[in-house]
Structure formats: C-alpha cells, structure tokens
Amino acid sequence: MASVSVLIPAAGRGARLGRGPKALVRVAGRTLLEWTLEAFVWADEVRVALPPGLPAPQPAANVSFIEGGAERQDSVARLLKGAGGDVVLVHDAARPFVARAVIERLLEAVTLYGAAVPVLPLPDTLIEPEEGRYGVALERSRYALVQTPQAFFREVLGEAHELARARGLTATDEAQLVRALGYPVELVKGDPRMFKVTYPEDLALAEALAQTWPGGGG
Ligand code: C5P
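To keep things clear, this report deals only with the structure shown in the data block. (Residues numbered from 1 in each chain as written. Predicted model: local features only at pLDDT ≥ 70, side-chain atom pairs only at ≥ 80, totals over all residues. Heavy atoms only, no water.)

## Considering the site of the ligand
Moving on, step 1. Lining the immediate environment of the ligand, one finds 15 residues, of which Pro-9, Ala-11, Gly-12, Ser-75 and Lys-196 sit closest.
Moving on, step 2. At 3.0 Å from a nitrogen atom of the ligand is found a main-chain nitrogen or oxygen belonging to Ala-70.
Moving on, step 3. Between the ligand and Ala-93, the relevant distance is 3.4 Å, taken from an oxygen atom to a main-chain nitrogen or oxygen of the residue.
Moving on, step 4. Here the ligand loses 82% of its free accessible area of 470 Å² to cover by the protein chains.
Moving on, step 5. Taken together, the residues of the shell around the ligand sort by class into 6 nonpolar, 3 polar and 6 charged. (Near = heavy atom within 4 Å. Polar contact = N/O pair within 3.5 Å; in protein donor to acceptor, adjacent residues only side chain to side chain. Areas by Shrake-Rupley, 256 points an atom, 1.4 Å probe, with all protein chains shown as cover. Nonpolar A, V, L, I, M, F, W, Y, C, P; charged D, E, K, R; others polar.)

Structure representation (structure tokens):
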C-alpha cells in the first residue's frame, strides 16, 4: 500500500466569508480545519499551511503545521517540499466534509493513473453573461465542477510545481498544473456535500450538514 501525505492549504484570509481566517471559522462547535483533519486520521501524515503569524493549533499525532505563502499555489508548494508520501492528496480546508467513498475512488484511480480529481455535473444552466444581461448558453453536459481532494503521485505533482515555477504558471488547483505538464488527470465522481465554504450563506448549510455527518458535530 502506497504511503499517503495529505496537504491542506488553509492559509487564506477568508475575505469573501468576512470572518477572519476561514480554516478557523467554527461550524457546530468545531473549526473547519478540525472537521477536515478528522477525515484524514488514517493518513501517514497531514501537513497544514496556516496564515503567517497565527499560533499553530495543538499538534495531533499525524499533523504538522507550516506557514502558508502569498497565494494558494505558494502554500501548496511549501507543503509539498517536506512531504514524504508516495501519493499526495491536496485538500482545501474550506471543504470541511470529506466523503470516505470519494477518498476511496481517488486512491484507487491515483494508483492506476498517477493523478485523479473528483468532479460533479453542473446542476444549473450555464451562461456567459453579456454586459450583465443573459448571454450565450453553454452546453452544460460538456462541463464539470472540480472539487478537492486531488490525488497525485508525489513526484508528478513535484514536477508540475517545478514547471509552474519555471514558466510562471498560476492555477486555482493542482490538476491544471499537472495537465500543463502533459500528464493525464483521471476524473472520479465527487460528492455535493464536499462543497466549499465560500460565502456567509454557506455556513448555514454547513451547520445543517454537520448535524448528520459521520462523526457528528451537534
Ligand atoms: O480562496 P479559496 O477559497 O479558493 O482558497 C482555497 C484554499 O486555499 C483555502 O483553504 C485557503 O485557506 C487556501 N489558501 C492558502 N494560502 C493562500 C490562499 C488560500 O492556503 N495564500
């Protein structure tokens, strides 16, 4: 069985949420980071990037903390530097609910293909607004929403980050960088409960879900 390092960029300022560093916002009595860490107790190691100047939370058995970088990609690059697993899972702390079935799909696919991410179909009609008005409708079935965790052979992600540095590429997730390397990224089925807490309204949804989530909160 391949060893697994989980990398958690949690160094964002949470500007859109407006409640301070997002990873430390509480849902049903626990921080988003605590909810996330609970999903990865099985991993060989978990490395978390926190905003600079923040006191690191109590260390747990398999968890270590570092200072994040200016952008998400910088935070992941720093996390990757010290990672030792054969496989790395990169997961946003802003997604507190991590479904076990998705992890299993990812670990199976990454072993076969070297890179795998969870995706969801679009539930809504997708358009390109034209100056604030309804514009061209895109063919919804041709698009997908991308979630985290994203799984890679550590060496593949390392190479992708090196390429990004050399070419000055920036991306909102790791799979884009791995694809830029010319490496195929396998898609597995995601889970809508793994949504990203972004806006204040998302907290009410997270509170509700926390009441029934495995492990429980409320
Ligand atoms: O801003 P967004 O929600 O896309 O951020 C995704 C994740 O990246 C969050 O978990 C956030 O804490 C993290 N991040 C980071 N370092 C930064 C900016 C964001 O670790 N400099």
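Structure's up, so let's keep going.
## Quick word on a negative patch on the surface
Moving on, step 1. Taken together, the side chains of Asp-44, Asp-86, Glu-155, Glu-159 and Glu-162 present a region of like negative charge at the surface.
Moving on, step 2. When its relative accessible area of 52% is taken as the criterion, Asp-44 is described as exposed. (Patch = residues over 30% accessible without salt bridge, like charges linked within 9 Å, V, L, I, M, F, W, Y side chains within 5 Å. Salt bridge = Lys/Arg side-chain N within 4 Å of Asp/Glu carboxyl O. Lys, Arg positive; Asp, Glu negative; His and termini not counted. Charge placed at Lys NZ, Arg CZ, Asp CG, Glu CD. Buried < 20%, exposed > 50% of the residue type's maximum accessible area, 1.4 Å probe, protein only.)

## Section: the packing of aromatic side chains
Moving on, step 1. Tallying each qualifying case throughout the model produces 4 aromatic pairs.
Moving on, step 2. Between the aromatic rings of Phe-97 and Phe-195, the centroid separation amounts to 6.4 Å while the plane-to-plane angle is 45 degrees, which identifies the pairing as tilted. Here Phe-195 lies in the loop between β12 (186–189) and α6 (200–210) and Phe-97 lies in the loop between β6 (87–90) and α3 (100–113), a separation of 98 residues in the sequence. Neither Phe-97 nor Phe-195 differs from the other in exposure class; each is buried.
Moving on, step 3. For the ring pair Phe-97 and Trp-213, a centre distance of 5.2 Å and an interplane angle of 55 degrees mean the geometry is tilted. (Phe/Tyr/Trp six-rings, centres within 6.5 Å; stacked < 30°, edge-to-face > 60°. Helix = DSSP H or I, 4+ residues; strand = E, 2+ residues; numbered from the N terminus.)

## Topic: the pattern of salt bridges
Moving on, step 1. Scanning all chains against the criterion turns up 5 salt bridges.
Moving on, step 2. We note a salt bridge from Arg-30 to Glu-38, for which the minimum N-O separation is 2.4 Å.
Moving on, step 3. For Arg-193, the salt bridge goes to Asp-191, with nearest N and O atoms at 2.9 Å.
Moving on, step 4. Residues joined by salt bridges that share partners form a network here, namely Arg-72, Asp-92 and Glu-174.

## Remarks on the environment of Gln-73
Moving on, step 1. Looking at the secondary structure, you find Gln-73 in helix α2 (residues 72–81).
Moving on, step 2. When the C-alpha atoms of Gln-73 and Thr-172 are compared, they prove to be 7.3 Å apart, with 99 residues separating the residues in sequence.
Moving on, step 3. The contacts of Gln-73, once residues within four sequence positions are left out, are His-161, Ala-164, Leu-169, Thr-170, Ala-171 and Leu-177.
Moving on, step 4. A polar contact of 3.0 Å, which involves the side chain of Gln-73, links it to the backbone oxygen of Leu-169. (Contact = heavy atoms within 4.5 Å.)

## Some remarks on the environment of Ile-8
Moving on, step 1. Among the secondary structure elements, Ile-8 is positioned in strand β1 (residues 4–9).
Moving on, step 2. C-alpha of Ile-8 to C-alpha of Leu-203: the two residues are 195 residues apart in sequence and 20 Å apart in space.
Moving on, step 3. Among all residues touching Ile-8, those that are not within four sequence positions of it are Leu-33, Thr-36, Leu-37, Phe-40, Val-46, Arg-47, Val-48, Ala-49, Leu-79, His-91 and Ala-93.

## A closer look at the pairing of β1
Moving on, step 1. Within β1, 6 of the 6 residues are buried, which leaves it mostly tucked inside the rest of the structure.
Moving on, step 2. Along β1, one buried face is formed by Val-4, Val-6 and Ile-8 and the opposite face, lined by Ser-5, Leu-7 and Pro-9, is buried too.
Moving on, step 3. Of the pairings in the sheet, the one linking β1 to β6 comprises 4 bridges and is parallel in character. Its bridge partner lying in β6, Ser-5 is registered against Val-88.
Moving on, step 4. Where β1 lies against strand β4 (residues 45–50), 5 bridges are found, and the strand directions are parallel. When the sheet's bridge partners are listed, Pro-9 is paired in β4 with Ala-49. (Pairing = 2+ DSSP bridges.)

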